[in-house]
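Here's the letter readout for the chains.
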Amino acid sequence: AAFDAGEHASYMLKEILEQPDSAERVLRGRLVERFGTAHLGGLNLDARETRAISRVKILGCGSAYYVGQMGASLIEELARIPADAEAASEFRYRNPIIEPDTLYVAVSQSGETVDTLLAVQEIRRKGGRVIGLVNVVGSAIARECDGGIYLHAGPEVAVASTKALTTMFLGFSLLALQLGRVRDLSIADGRRLIEGLQRIPDHIRQILGHDDEYATIAKQLAEAESLFFVGRVRGYPVAREGAQKFKEISYRHAEAYQTSELKHGPLALIEASVPTVAIVPDDELADRNVAALHEIAARGGPLVVVTHATVDLGDLTATRIDVPACERELDPILLTLPLQLLAYHAALHLGHDIDKPRNLAKSVTVE
Ligand code: AGP
């Protein structure tokens with residue numbers, strides 16, 4: 001192979017551990033502290049064009065789509081532009097309305113995912129403007145877009161994506177910052193986010209340092225045939241990504257749900273053999289999240305709570321994983337990291353091929 005896993009047992013582990021460096025790379029040279037903004041030269045959008053954007057539509061597949069959901073929240077919160085993400089594989093089959101004042105964003109590690117590529121071509125055929133968040137330089141999607149942000153994650157080999165997703169999230173943070181500062185985001189808020197972004201690589205290092213703890217928890221989760229991953233609002237795409245990673249390499253049934261929707265159905269499945277991994281950031285929803293977790297505990301469901309040290313779980317019976325607090329908008333990426341390691345250690349414990357899970361390809365280039 002052109003790249004090798006070196007001293008690491010797998011590419012996935014190597015790529016997980018590379019995340020502080022790839023996070024530094026995607027941010028490097030793109031933060032303008034003086035003006036509290038980002039500088040993304042490759043977008044090919046001037047201030048007037050930026051102000052004319054009335055909506056942002058993000059398209060990607062699988063994990064790239066879930067990070068796209070995180071990106072949509074960032075754009076709505078920071079730039080106050082209506083934004084949403086959709087699976088590119090669905091978008092192009094429903095004869096979507098392409099609007100001239102919508103900014104379309106295609107997100108892809110490989111830049112070769114056929115569903116995303118064909119969505120980009122369809123949008124451009126209809127006169128829409130598309131920018132790319134792409135890792136592989138010169139890839140098909142990168143070439144088709146009107147502009148974009150290269151992610152500089154470095155080569156990613158393991159089928160289960162990790163470091164590329166982290167750089168996608170940071171790429172969206174930069175995009176939201178730049179769009180926001182041309183619109184209503186204050187210079188003070190821009191600077192606050194820049195400081196938060198600069199702390200991210202160290203926060204990642206700190207989280208990765210708790211690997212032993214995650215390994216113990218993962219072994220317990222690996223025994224279950226079926227698990228839930230729950231979160232709400234900012235935490236929901238984190239839960240989706242956590243479930244995706246877990247099922248890809250552990251082959252366990254892992255289902256993501258909005259915590260708020262549990263009582264509308266899936267609570268019926270909760271019992272001692274079905275663990276739940278819950279994402280509970282220290283935000284305005286923390287108390288409601290904890291109340292919902294009591295409903296799970298009352299039915300004997302084992303709980304792992306990925307949260308912040310400042311969240312009071314009261315008398316809830318749960319295993320907690322605390323991640324460092326950053327700026328609230330940036331929480332999702334830090335909450336995602338322990339989930340990568342839970343999936344990794346579960347698959348390792350079960351003896352699966354970590355880098356090449358059954359039935360999956362690194363990039364899906366045929367329809
Ligand atoms: C991630 O762990 C998956 N293997 C998969 O969902 C992946 O993110 C998706 O296929 C998109 O790939 P891309 O980023 O190369 O377009």
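Residues numbered from 1 in each chain as written. Predicted model: local features only at pLDDT ≥ 70, side-chain atom pairs only at ≥ 80, totals over all residues.

The name given to the protein in an unreviewed UniProt entry is Glutamine--fructose-6-phosphate aminotransferase [isomerizing], with the source organism recorded as Nocardioides euryhalodurans. Its UniProt record gives the protein the following Catalytic activity (unreviewed entry) comment, quoted word for word: "D-fructose 6-phosphate + L-glutamine = D-glucosamine 6-phosphate + L-glutamate". (UniProt positions renumbered as here; feature names shortened; annotations may be inferred.)

Quick look at the sheet that holds strand β9 (residues 253-258)
One open sheet accounts for five strands, arranged β9-β8-β10-β11-β12; its pairing is parallel. The sheet is open, and its two borders are formed by β9 and β12 (319-322), each paired with just one other strand. Each strand axis lies, on average, 20° off the axis of its neighbour in the sheet, ignoring direction. Bridging between strand β8 (residues 226-231) and strand β10 (residues 276-280) involves three bridges; their strand directions are parallel. Bridge pairing in β10 links valine 230 to alanine 278. (Pairing = 2+ DSSP bridges. Helix = DSSP H or I, 4+ residues; strand = E, 2+ residues; numbered from the N terminus. Axes fitted to C-alpha atoms, helices over the stretch in contact; angles between N-to-C directions.)

A closer look at the site of the ligand
Of all residues adjacent to the ligand, which total 15 residues, the nearest are Gly62, Ser108, Gln109, Ser110 and Thr113. Residue composition of the shell around the ligand, by class: five nonpolar, nine polar and one charged. (Near = placed C-beta within 6 Å. Nonpolar A, V, L, I, M, F, W, Y, C, P; charged D, E, K, R; others polar.)

A few points about the nonpolar core
Nonpolar side chains in soluble globular proteins tend to be buried together. Counting residues in each nonpolar core, the largest one holds 125 residues, and the members touching the most others are Ile75, Ala106, Met168 and Leu342. For this core, the leading source of residues is helix α13 (residues 331-350), giving twelve residues. Not counting residues within four places of it along the chain, the set of residues in contact with methionine 168 comprises Ala64, Val67, Val107, Leu133 and Leu151. (Core = buried A, V, L, I, M, F, W, Y, C linked by C-beta atoms within 7 Å. Buried ≥ 20, exposed ≤ 12 C-beta atoms within 10 Å, placed from the backbone. Contact = placed C-beta atoms within 7 Å.)

Comments concerning the packing of helix α2 (residues 19-27) against helix α8 (residues 163-182)
At a minimum axis separation of 9 Å, α2 and α8 run at an interaxial angle of 30°. Here α2 and α8 pass one another in a crossing that is right-handed. On α8, the residues that touch Gln19, Ser22, Ala23, Val26 and Leu27 of α2 are Lys163, Thr166, Thr167, Leu170 and Gly171. Residues belonging to the contact of α2 with α8 are distributed by class as follows: four nonpolar, five polar and one charged. (Left-handed = near helix turned anticlockwise from the far one by under 90°.)

Here's the deal with the confidence of the model for the protein
Averaged over every residue, the pLDDT of the protein is 96; residues scoring 70 or more account for 99%. Model confidence for the complex: the whole-complex pTM is 0.96, and ipTM, which rates the interface, is 0.98. (pLDDT = per-residue confidence, 0-100.)

Let's talk about helix α10 (residues 211-222)
Helix length check: α10, at twelve residues, gives a terminal C-alpha distance of 16 Å against a target of 16 Å (1.5 Å per residue), a fit within 8%. Of the residues making up α10, those classed as buried are Tyr214, Ile217, Ala218, Leu221 and Ala222. Seen from one end, α10 has its buried residues packed into an arc of 140°, which puts them on one side. Opposite the buried face of α10, by more than 90 degrees, sit the exposed residues Asp212 and Thr216. The inward-facing, buried residues of α10 abut β8, α11 (235-250), β11 (303-307), β12 and α13. (Expected span 1.5 Å × (residues − 1). Arc of directions from axis to C-beta.)

Some remarks on the packing of α10 against α13
Between α10 and α13, the shortest axis-to-axis distance is 8 Å and the interhelical angle comes to 60°. Considering their axes alone, α10 and α13 lie oblique with respect to each other. Of the two possible hands of crossing, α10 and α13 adopt the one that is right-handed. Two secondary-structure elements touch here, α10 through Asp211, Tyr214, Ala215, Ile217, Ala218, Lys219, Leu221 and Ala222 and α13 through Pro338, Leu341, Leu342, His345, Ala346, His349 and Leu350. Residue composition of the contact of α10 with α13, grouped by class: eleven nonpolar, two polar and two charged. (Parallel < 35°, antiparallel > 145°, perpendicular 65-115°, else oblique.)

Regarding the sheet that holds strand β6 (residues 129-134)
Overall, parallel pairing links the five strands, which are arranged β4-β3-β5-β6-β7 in an open sheet. One side of each edge strand has no neighbouring strand; the edge strands of this open sheet are β4 (83-87) and β7 (147-150). Averaged over neighbouring strand pairs, the angle between their axes works out to 20° when direction is ignored. Summarising the sheet, β6 and β7 pair through four bridges and their orientation is parallel. Directly across from valine 134, in β7, lies its bridge partner tyrosine 150. The strands touched by helix α6 (residues 114-125) within the sheet are β3 (55-60), β5 (102-108) and β6, with β5 carrying the most contacts at an inclination of about 160°.

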